Amino acid sequence: MKVQVVDYTSADAGQRFVESLRETGFGVLTNHPIQQALVESIYHDWYEFFCQEDKHNYAFDPEKQDGYFAPEISETAKGHKQKDIKEYFHIYPWGRIPDSLKKDITDYYQQASGLAAELLDWVEKYSPADVAKNYSEPLSNMIKDTPNTLLRVLHYPPLTGDEEAGAIRAAAHEDINLLTILPAANEPGLQVQEKDGTWIDVPADFGHLIINIGDMLQEASAGYFPSTSHRVVNPTGENAKKSRISLPLFLHPRDEVVLSERHTQESYLLERLKELGVK
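Predicted model only: the values in this text are computed from it and were never measured.

Caption draft 1: Seen up close, the environment of Asp130. Following the sequence through the fold, Asp130 ends up in helix α4 (residues 129–132). Asp130 sits in the partly exposed class, given a relative accessible area of 48%. Spatially, the C-alpha atoms of Asp130 and Ser221 are 9.4 Å apart, while their sequence positions differ by 91 residues.

Caption draft 2: Region of the structure containing the pattern of salt bridges. Tallied over the entire structure, the rule returns twelve salt bridges. Among the ionic pairs, Lys195 bridges to Glu23, the shortest N-O distance being 3.5 Å. Note that Lys195 is positioned in the loop between β8 (190–193) and β9 (199–201) and Glu23 in helix α1 (residues 13–24), a separation of 172 residues in sequence. The shortest N-O distance in the salt bridge between Arg254 and Glu137 comes to 3.1 Å. Linking Arg254 in the loop between β13 (249–250) and α7 (265–276) with Glu137 in the loop between α4 and α5 (139–142), this pair joins segments that are 117 residues apart in sequence. By relative accessible area, which is 16% here, Arg254 ends up buried. According to the relative accessible area criterion, Glu137 is buried, its value standing at 19%. Bridged by salt links that share partners, the residues Glu137, Arg254 and Glu256 form one connected network.

Caption draft 3: Geometry of unusual backbone geometry. Positive phi values are uncommon outside glycine, yet Asp145 reaches one of about 60°. On the secondary structure map, Asp145 appears in the loop between α5 and β5 (150–156). When its relative accessible area of 66% is taken as the criterion, Asp145 is described as exposed.

Criteria and cut-off values
Residues numbered from 1 in each chain as written. Predicted model: local features only at pLDDT ≥ 70, side-chain atom pairs only at ≥ 80, totals over all residues. Heavy atoms only, no water. Helix = DSSP H or I, 4+ residues; strand = E, 2+ residues; numbered from the N terminus. Buried < 20%, exposed > 50% of the residue type's maximum accessible area, 1.4 Å probe, protein only. Salt bridge = Lys/Arg side-chain N within 4 Å of Asp/Glu carboxyl O.

Put into structure tokens, the structure is as follows:
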């Protein structure tokens, strides 16, 4: 089954969206309520921010994990040796945000978080009863008043030809959180791994909203919803000269939320951050 592109306004949107999540780990929405003009404005303004030296004044806080992460301290995906070719900024409502960029990015955070709660309700509604009984509380309630949901503004710089052998923009990985909400980037490159191991492009026309399952939902659903490997491959030809901006929102429950008999959100997150080498 391929990743389904679902019209958010259709009568069967919830059912089809959750079917796609279950089968592929991904779902794509059109006609969704996230304002495209806001997304484009954020892409433009944050691209300019990444081009300026002022970004270094927001160097990330190892304890709070907010602020700017330079390419040399970027993530190394679990099981990989090369760092990803990217830099990024972590946005939390309580964290540091440049004043000139604060309004739009905060508006987006609120809009996307509101939609996220609805999507988690869809996931719960269309979970089989024997799966839903594993949820320690309603899924949408897990993110209510959470300080942990992370908005990451990513910049994949143009390729120079001097990159480390084998390095790509984002090596194959699974996300840590419940769901990830991602407006289609300004450039292509996102791929998901199918069950037979082959890689396919995720439908990502400008204006699409891409959603994928993270490890925490896989944990909470006792494996029913798969956290699927995905990656961002390097462009070729003229496209290699272009920057790529991406805006994933990672839905994280409150610290104390019980995911399973083995983990709370806090214990699970700490384990994964150590594996990534950023904690």
